[in-house]
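Spelled out, the chains give:
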Amino acid sequence: MESDKIEHILEKYFEGETTIAEENQLKEYFSSSNVAQHLEQYKPLFGYFSQVKQQKSTQEIPLQTKKRNVAWLSIAASAVVLFGIGTYFFVSENNAAPVVAAQSELGTYDNPEEALKATQKALALLSNNVNVGIESVQYINEYEQSKNKIFKQ
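This write-up is about the structure you can find in this document. All values derive from a computational prediction rather than experimental measurement.

**A few points about the overall build of the protein chain**
In step 1: Helix and strand counts for the protein chain come out as five helices and zero strands.
In step 2: Helices and strands appear in the protein chain in the N-to-C order α-α-α-α-α.
In step 3: For the protein chain, with 153 residues in total, the buried portion stands at 8%.
In step 4: Here the analysis covers contacts within the protein chain between residues at least 6 apart in sequence; of these, 32% occur between residues at least 24 apart.
In step 5: When the accessible area of the protein chain is evaluated, it comes to approximately 14200 Å², of which 58% is carbon and sulfur surface.

See below:
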């Protein structure tokens, strides 16, 4: 009768449904000398638990605390921030001056022939881009005509 009870508790144990009291019963049963023949295979499993429970670690764990010098860390961080801000202002100041000079000279020509050539060049570029756009519109018109022939509305 006792082996039937142990088998039932073993089934529950492998399903993960046992209580701590039932697990203690299994440990006691398998640590005793009168284990049923067909349950001998589980004896090393529960014997291991009792053996490990008796082991104690004698190794010392050194506790070393690392003391960080926070003052140096904050000084280094502020130096990096100041360096970044200084670089930003230095670069933006150097780039800002030529842009202002170039904007004041835009669109002014002293020689009327130079102004005419520059205007013709700008209009030619604009004309080329408009022509490309008109060609695209012609493709769309061709597509619309084909679509209307296929899908009569």
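**A word on a nonpolar patch on the surface**
In step 1: A surface patch of nonpolar side chains, about 440 Å² in accessible area, is lined by Val81, Ile85, Tyr88 and Phe89.
In step 2: As for its placement among the helices and strands, Tyr88 is situated in helix H4 (residues 70–105).
In step 3: Judged by its relative accessible area of 57%, Tyr88 falls in the exposed class.

**Structural notes on the nonpolar core**
In step 1: Core analysis: the largest hydrophobic core is formed by 10 residues, namely Ile6, Ile9, Leu10, Leu26, Tyr29, Phe30, Val35, Ala36, Leu39 and Phe46.
In step 2: Setting aside residues no more than four positions away along its own chain, Leu26 makes contact with Ile6, Ile9, Leu10, Tyr13 and Phe46.

**Remarks on the environment of Pro44**
In step 1: In this fold, Pro44 is placed in helix H3 (residues 43–54).
In step 2: Classification of Pro44 by relative accessible area gives exposed; the value is 56%.
In step 3: Linking Pro44 and Ser31, residues 13 residues apart in sequence, is a C-alpha distance of 9.2 Å.

**Here we look at the packing of aromatic side chains**
In step 1: Inspection of the entire model under this criterion finds five aromatic pairs.
In step 2: Their ring planes at 45° and their centres at 5.5 Å tell us that Phe14 and Tyr42 sit as a pair that is tilted. With Phe14 in helix H1 (residues 2–15) and Tyr42 in the loop between helix H2 (20–31) and H3, the pair connects residues that are 28 residues apart, well separated along the chain.
In step 3: The exposure class of Phe14 is partly exposed, given its relative accessible area of 48%.
In step 4: On the basis of relative accessible area, Tyr42 is assigned to the partly exposed category, the value being 23%.
In step 5: Ring centres of Phe30 and Tyr42 lie 6.5 Å apart, and the angle between their planes is 70°; on these two criteria the pair is classed as edge-to-face. You can see Phe30 sitting in helix H2 and its partner Tyr42 sitting in the loop between H2 and H3, a full 12 residues away along the chain.
In step 6: Through a chain of ring-to-ring contacts, the aromatic side chains of Tyr13, Phe14, Tyr29, Phe30 and Tyr42 assemble into a single cluster.

**Quick word on the pattern of salt bridges**
In step 1: This structure, assessed with the given rule, holds two salt bridges.
In step 2: A salt bridge links Glu144 to Lys147; the nearest nitrogen and oxygen atoms lie 3.8 Å apart. With Glu144 and Lys147 both in helix H5 (residues 112–150) and three residues apart, the pair spans about one turn of that helix.
In step 3: Taking the relative accessible area as the measure of exposure, Lys147 reaches 26% and is therefore partly exposed.

**Structural notes on the packing of H1 against H2**
In step 1: Viewed as axis vectors pointing N to C, H1 and H2 meet at an angle of 125°, and their least axial separation amounts to 10 Å. Classified by the interaxial angle, the pair formed by H1 and H2 is oblique. Considering the relative orientation of H1 and H2, their crossing is left-handed. For the pair H1 and H2, contact is made by Glu2, Lys5, Ile6, Ile9, Leu10, Lys12 and Tyr13 and by Glu22, Glu23, Gln25, Leu26, Tyr29 and Phe30, respectively.
In step 2: Per-class residue counts for the contact of H1 with H2 are seven nonpolar, one polar and five charged.

What counts as what
Residues numbered from 1 in each chain as written. Predicted model: local features only at pLDDT ≥ 70, side-chain atom pairs only at ≥ 80, totals over all residues. Heavy atoms only, no water. Helix = DSSP H or I, 4+ residues; strand = E, 2+ residues; numbered from the N terminus. Buried < 20%, exposed > 50% of the residue type's maximum accessible area, 1.4 Å probe, protein only. Contact = heavy atoms within 4.5 Å. Areas by Shrake-Rupley, 256 points an atom, 1.4 Å probe, with all protein chains shown as cover. Patch = residues over 30% accessible without salt bridge, like charges linked within 9 Å, V, L, I, M, F, W, Y side chains within 5 Å. Salt bridge = Lys/Arg side-chain N within 4 Å of Asp/Glu carboxyl O. Core = buried A, V, L, I, M, F, W, Y, C linked by side-chain atoms within 4.5 Å. Phe/Tyr/Trp six-rings, centres within 6.5 Å; stacked < 30°, edge-to-face > 60°. Axes fitted to C-alpha atoms, helices over the stretch in contact; angles between N-to-C directions. Parallel < 35°, antiparallel > 145°, perpendicular 65-115°, else oblique. Left-handed = near helix turned anticlockwise from the far one by under 90°. Nonpolar A, V, L, I, M, F, W, Y, C, P; charged D, E, K, R; others polar.

Just geometry here; none of it tells us what the structure is for.
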